[in-house]
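Structural overview for review
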Amino acid sequence: MKISVNVNGRNVDADVEPRKLLVDFIRDDLHLTGTHVGCDTSSCGACTVLLDGVAVKSCTMFAVQANNRNITTIEGLSKGDELHRLQSAFIEEGGLQCGYCTPGMIMTSAWLLSNNAAPTEEEIRNGISGNLCRCTGYDSIIRSIQKASSDRRGGRK
Amino acid sequence: MSEGQLIYSAIGSSSQRVDIREKVDGSLKYFTDMKMDGMLYGVVFRSTVTHARIRSMDVTKAISMPGIRAVLTSRDIKGMNAYGVIVPDAPVLAYDKVRFYGEPLALIAGDTLEQAEAAKDGIKVDYEPLPVIRNIDEALKNDAPLIHNNGNIARSMKVERGDLARGFKDSYLVLDRDYRTHMQKHMFLETEAGLGYLDEKGVINIFVSGQGAHSYKGQITRALEIPPDKLRIVNYPEGGAFGGKDDVTIQILLTLLVMKTKKPVKLVLTREESGAGGYHRHASLIHLKTGVSKDGRFMANKAHILLDTGAYVSFGPSVLDTAMEVINGKYRIPNISVEGTLVYTNNGFSSAFRGFGAPQGNFAIENMVDELAYELKMDPIDFRLLNLLQEGEINSFGNPERDTMGAHVALTEAKGSRLWKISKKGSLPWIKVGLGVSFGVKGVGYGPVKDVSYAAVEVIPSGLVKAFFSNADYGQGINTGHLQIVAQKLGIPFENLRTVNADTAECPDTGSSDASRSTFTGGNALINACDQLIEVMKPEAARMMKVQPTEISYADGKFTFKEGSEVSIFDIASFMAKEGKGTKFIGSFEMPRVAKPIEGMIEAPRFSNAYGVLLSLVEVNELTGLVKAKAFDFYADIGKVINPLLALSQCESGLIQGLGYAITEELTYDVDGKPLNTNYTTYIVPSTTDIPSIDVRFVDAVEKYGPYGAKGVGEIPIVPVASSLTNAVHDAIGMRFRELPLSPPRVSSRMQQNKGISVLA
Ligand code: FES
Ligand code: FES
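Residues numbered from 1 in each chain as written. Chains lettered and ligands numbered in written order. Predicted model: local features only at pLDDT ≥ 70, side-chain atom pairs only at ≥ 80, totals over all residues. Heavy atoms only, no water.

With respect to the element layout, Gln657(B) can be found in helix H16 (residues 644-663). Here the side chain of Gln657(B) touches Arg354(B) through a polar contact of 2.9 Å, side chain to side chain. In this view, Gln657(B) contacts Arg134(A), Gln184(B), Phe242(B), Phe353(B), Arg354(B), Glu665(B) and Ile718(B); residues no more than four positions away in its chain are not counted. (Helix = DSSP H or I, 4+ residues; strand = E, 2+ residues; numbered from the N terminus. Polar contact = N/O pair within 3.5 Å; in protein donor to acceptor, adjacent residues only side chain to side chain. Contact = heavy atoms within 4.5 Å.)

All names here are of chain B. If you trace the three strands from one edge of the open sheet to the other, you get S6-S2-S8, paired in antiparallel fashion. On the outer flanks of this sheet lie strand S6 (97-98) and strand S8 (124-129), each paired with one strand and no other. As defined by bridge partners, strand S2 (residues 52-58) adjoins S6 across two bridges and the pair is classed as antiparallel. Of the residues in S6, the one forming a bridge with Ala52 is Val98. (Pairing = 2+ DSSP bridges.)

Residues and elements named next belong to chain B. The first and last C-alpha atoms of helix H14 (residues 518-545) sit 38 Å apart over 28 residues, in line with the 40 Å expected at 1.5 Å per residue. The largest bend along H14 reaches roughly 30 degrees and is located at Met537, with the proline Pro539 sitting one to four residues downstream. Looking at the residues trailing H14, positive phi occurs at Lys546, about 55 degrees. (Expected span 1.5 Å × (residues − 1). Bend = angle between axes of the 7 residues up to and from the residue.)

Once that is clear, we can look at the packing of aromatic side chains. Aromatic ring pairs are reported here in terms of the distance separating the ring centres and the angle at which the planes meet. All names here are of chain B. Inspection of the entire model under this criterion finds 16 aromatic pairs over all chains. Look at Phe100 and Tyr312: their rings are 6.3 Å apart centre to centre, the planes differ by 80 degrees, and that puts the pair in the edge-to-face class. Residue Phe100 is located in the loop between S6 and strand S7 (104-110), and its partner Tyr312 is located in the loop between strand S17 (298-310) and helix H9 (316-326); the two are separated by 212 residues in the primary sequence. Looking at Tyr312, the relative accessible area reads 1%, which means it is buried. Over the face of the ring belonging to Phe188 we find Lys245, whose NZ or CZ atom lies 4.2 Å from the ring centre. Positioned above the aromatic ring of Phe353, the side-chain terminus of Arg281 is 4.2 Å from the ring centre. (Phe/Tyr/Trp six-rings, centres within 6.5 Å; stacked < 30°, edge-to-face > 60°. Buried < 20%, exposed > 50% of the residue type's maximum accessible area, 1.4 Å probe, protein only. Lys NZ or Arg CZ within 6 Å of the ring centre and 35° of its normal.)

Residues and elements named next belong to chain B. Their axes nearest at 9 Å, the elements helix H13 (residues 478-490) and H14 cross at an angle of 35 degrees. The two elements H13 and H14 meet at a crossing, and its hand is right-handed. In contact with Ile478, His482, Ile485, Val486, Lys489 and Leu490 of H13, H14 contributes Ser518, Thr519, Gly522, Gly523, Leu526, Ile527, Cys530, Asp531, Leu533 and Ile534. (Axes fitted to C-alpha atoms, helices over the stretch in contact; angles between N-to-C directions. Left-handed = near helix turned anticlockwise from the far one by under 90°.)

Turning our attention to the domain arrangement of chain A. All names here are of chain A. According to the domain assignment, chain A contains domain 1 (2-76) and domain 2 (85-152). On a C-alpha basis, the centres of domain 1 and domain 2 stand 21 Å from each other. Taken together, the 18 residues of domain 1 in the interface contact 12 residues of domain 2. Carbon and sulfur atoms supply 63% of the area buried between domain 1 and domain 2, which totals about 1200 Å² over both sides. The three residues of domain 1 that bury the most area against domain 2 are His36, Thr48 and Ile74, which together make up 39% of that side's buried surface. Put simply, domain 1 and domain 2 have five residue pairs in polar contact (both at pLDDT 80 or more) between them. Contributing elements (two or more residues each) for the side of domain 1 that touches domain 2: strand S3 (48-51) and strand S4 (54-57). (Domains from an automatic or database assignment. Buried area = accessible area lost by both parts, 1.4 Å probe.)

Contacts between the two partners involve 51 residues from chain B and, on the opposite side, 47 residues from chain A. When the two sides are added together, the surface that chain B and chain A hide from each other amounts to roughly 3900 Å², 54% of it contributed by carbon and sulfur. Taken as a group, Val24(B), Leu189(B) and Thr688(B) account for 19% of the area that chain B buries against chain A, more than any other trio of residues on that side. There are three salt bridges connecting chain B and chain A. Between Arg143(A) and Glu652(B) there is a salt bridge, and its shortest N-O distance comes to 3.0 Å. Looking at the side of chain B that touches chain A, the elements with two or more residues in it are helix H1 (20-24) and H16 of chain B. The element contributing the most residues to the side of chain B that touches chain A is H16(B), with eight residues. Looking at the side of chain B that touches chain A residue by residue, the classes come out as 19 nonpolar, 19 polar and 13 charged. (Salt bridge = Lys/Arg side-chain N within 4 Å of Asp/Glu carboxyl O. Nonpolar A, V, L, I, M, F, W, Y, C, P; charged D, E, K, R; others polar.)

Residues and elements named next belong to chain B. The strand order across the open sheet built from four strands is S20-S28-S29-S30, with neighbouring strands paired in mixed fashion. Two strands lie at the open edges of the sheet, namely strand S20 (431-444) and strand S30 (693-698), each paired on one side alone. Neighbouring strand axes in the sheet, compared pairwise and without regard to direction, differ in orientation by 15 degrees on average. As judged from the 10 bridges shared by strand S28 (residues 608-621) and strand S29 (residues 627-637), these two strands associate in the antiparallel manner. In the sheet register, Glu619 faces S29, and the bridge partner there is Lys628. Packed onto the sheet, H16 meets S28, S29 and S30 and runs at close to 130 degrees relative to S30. Taken strand by strand, helix H17 (residues 721-733) contacts S20, S28 and S29, and its axis lies near 155 degrees from that of S20.

As a further point, take the pattern of salt bridges. Residue and element names in this part refer to chain B. In the structure shown here, the tally under the stated rule is 49 salt bridges over all chains. In this structure, Asp321 engages Arg155 in a salt bridge whose closest nitrogen and oxygen atoms are separated by 3.1 Å. Highlighted residues: Asp321 in helix H9 and Arg155 in strand S9 (residues 153-161), separated in sequence by 166 residues. In this structure, Arg297 engages Asp295 in a salt bridge whose closest nitrogen and oxygen atoms are separated by 3.3 Å. Overall, Asp295 belongs to the partly exposed group, its relative accessible area being 45%. Salt bridges linked by common partners bring Glu540, Arg543, Glu579 and Lys581 together as one network.

Structure (C-alpha cells):
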C-alpha cells in the first residue's frame, strides 16, 4: 500500500506491506534506528515516537495507520546540532545507563511536557510509567525530566 | 616518576559518559540496529520439550524451503561442540539429549527473517521424553532421573573452622531456619543480538552482545575449531547485561552461521527466546543454624547452601562459592561449617546475575541476624557492629580481615538515618509501616584464581590519547570511569581522551566486565600502561631537548626541563613515529589474592570487598498483601568514588533491581518445565510508580590496592535489598518471610494463616 508520511519534517512516500508495523517501517525502511525495540508485547515503550505530537508506541500500530500524519522520532527532536532541552537535561543529569530505553523515554517525556509544562514528580512518574528502564532505577530519569521542565520555566528554549 | 601537578582532578568528578550524546540523539548503533548489504537472517531452532532423548532429527525439508541458505546441526560442527565458562558441559547444538525447554538444536539462515522463521516448520525432531526435574528437592531424590551421566550434583564444597558442636553447646540462643529464593531474569532491554561477517582477510568479525570479548574468543575457537587469528569479537555498545551476557549466549551460534554461509548474518533473539534460552539467577535453598551468646556474640554458624544451576553449570561453581563466602557476613564467628551443593535441574540455565550468589546468601544470613537481634532485644545495627570483624582479626575463612573499616563507618552512619525518625503510623488503619536493616558484602574480582589484566594507551600525534581495554561498557559507564583514571594519571584533559572498547582486534585482554572487577583491575592496568608510556617517552623527550633524562620530569601531558623548556607527549609521539617507533603501551595488573585460599574454591575468598548497609521503609497493606517500598537509605563503601554521578546511578540501578527481585520478579516454570513468564507483561520489572525515594551515601574509604583507592560498585547495591525488605516487613506486621518474593499472594496468605483463616492452596 502506498503511504505518504511526514517524518521529522521530511515528506516520505513509500510502498509498504499492510501488515508492516510502524516501528519496522521507521527502523528498516527509513533507517532511523534510534527508535528501539525492547519487546513484542507493547510493554516497554522503547519504540515510542510522536504521531502528530502525541506519544505512541510505534510497535502497536501499522505503518499504514500513519498515512498522511506527522511522525517525530528521536532523530527529529534536535534541530541540527542543537539538542532539545530534554536531551540536554538527560546529559546533564545522567539520565541513562545503556541508553537503549532513552529515545523512547525522551519522546514520552516530550509529550508529557507539551501537555504539562511543569509536572510534579508524581505526574512525571505517572507520565512515563509505560516506559521501562532496566538499568537506571528511574531516579536519574525523573531528575532529567524535572531539569528540562525547570529549564522551561526559567525561560530557556 | 612523579605525576607532578595536575591541571585538574579527574578522580571524583562527575564526568559525563563519553557516549552520552549519541545515546540521547539516537545515533548510537546497537547490535540490534546493525545491518550489512547482502545480510542473511539467522534464527535458532529450539527444543519444545524440556527433557528428552533425541531419537532423530530431520532437516531435509527445511533446507529446500524458499530463501533458505543453510540449516546447521551438530553435524556441522568440527570442534568440541561444547561451551561453558568453567566446565564446557553445554552443547552448542544439542544432539543426543535436550535438558531444558528452548535448548538450541539447529540454526537456519535465510534471505529474510520471515523465510528463516518459516523454515522451522521444516525441521522434525523425534523425542523420547524423560521425566522433568523441576526443583532442588526433586533432583536430590534417590530415584531421581539423571540429567547428566555423572548425577544431579554438579559440585559439593565444604568449609569448616573451629568446633561447631562446642559453639552450639555454648550458645545461649540457637535458631535453625530454612530460606528459599527464586529465579530472577535479567530482562535487559536489548535482547542477545549480533551481526557477523567474513572479511577479505578471512577473519570472522562478530559484533555481539557480551561482557567478555576475549573469553568468548577462547570458547568459540575451542567449540568450532577456528584459529584465533581468524576471529574478532566486539562487545560494545549494548543495551544492558547484568551478568546475563557474561557466559556465552549467541556468540558461538552466530560465528557458526557466518563460518558456514560465508555471508553477513544477523541474529537477534526474540524476548521469548531470551526468556527460555537465556540465563537467570540461581534459585536457592539455604539451611542455616546459628548460635549466639547471651550478650549477643556469634558462637557458631552452620550453613548448607543448595543452588539450582539448571541444565548446565555455566558460572554455577563460582556463584556457589560466592554464596558460601557471604553466609558468615563479615562477622566474628569462631565456629563455622559451610556446605555448598550445586544441583542440576531442568529449569533452563542459571548463570551470573549481578550479585552472583551474594543476594541469596545475604538473604539467609541477614534475616537470621535480624531475628537474633530481635530475640536478644538488641538494636539491629548495634548487634551487627558488635560482631563485625575488625581489621587484622582472622575471619571465618581463615584470613586476616583487611578492609572492614568502611563497613564499620557505614553501619555507624546508618544509625543517623532520617528514616529512624519517621512515624510508623500508616495512612490508613490497614497500612502498616516498618523499617528494616541489612548489611551486605560483595567481594571484588575473582578470588583465589590468578587474574592478570592487560590494557593499553596509545598517544596519537594529532593530540589524542586512546585507551584500549576489553571490559565491555554495557551501560555501567566503564568507558568513562577508565578515562578518568587515565586523565588523572597523565594529567590530560578528558576531551583529549578516547576509548576503544571490548574489541579483540585492538584491545588487550582486560578480562570480562563482571565480579565488580573492571574498575579495580582494568583501572590499575591502565595506570601501569601510563607508567610505561612515561618511562619510554622520557628518554625520547630528553633526546629531543638534548638534555639528560634525569633532568626532566613529567606532568600534565608534557616533559619539562628545569629551565622551563618543555615537550608534549604528542610531539614526542610524532618524533617517535618518524623513527618508526610505536606509541602504544600495554600495561598489566595482577589482582592481589588472599594469603590462604581454600582448597577447591575457585571464586572465594576474595581479597577486597565492597560493603553496603540498606535501611528500607515499607508499607504493608494488610488487605491486599501488597508490600510497597517507600524509602531506601543506602550507605556504601565502594572505596574511593571515581565518578559520583555514575556511582550513584549504579546504586539506584542495583537497588531497584533488588526491589524487583524481592517483590514482583519471579521466573516460573510449568509442570512440564516450560517457562511461564518471559516477557514484560508476565514478568514484572519495577516501573516508575514502584520506586521508593532513594538516598545514597558513600563513606569515606580508600582501598590501598585499588586505582586511586577505588574498589567496585556494580554489585553491592543489589545484595542487601531483599533481606532489608523482609526485615522491614517483620517490623511492620510481625511476620518473618523466609521465602521470596514478597508477592501479594504470598504475603496475604501468610497473614490469613496467621489470623487462623484457612485459605485455598
Ligand atoms: S517495542 Fe514497542 S513497547 Fe516494547
Ligand atoms: S538505560 Fe538501559 S534500559 Fe534504560
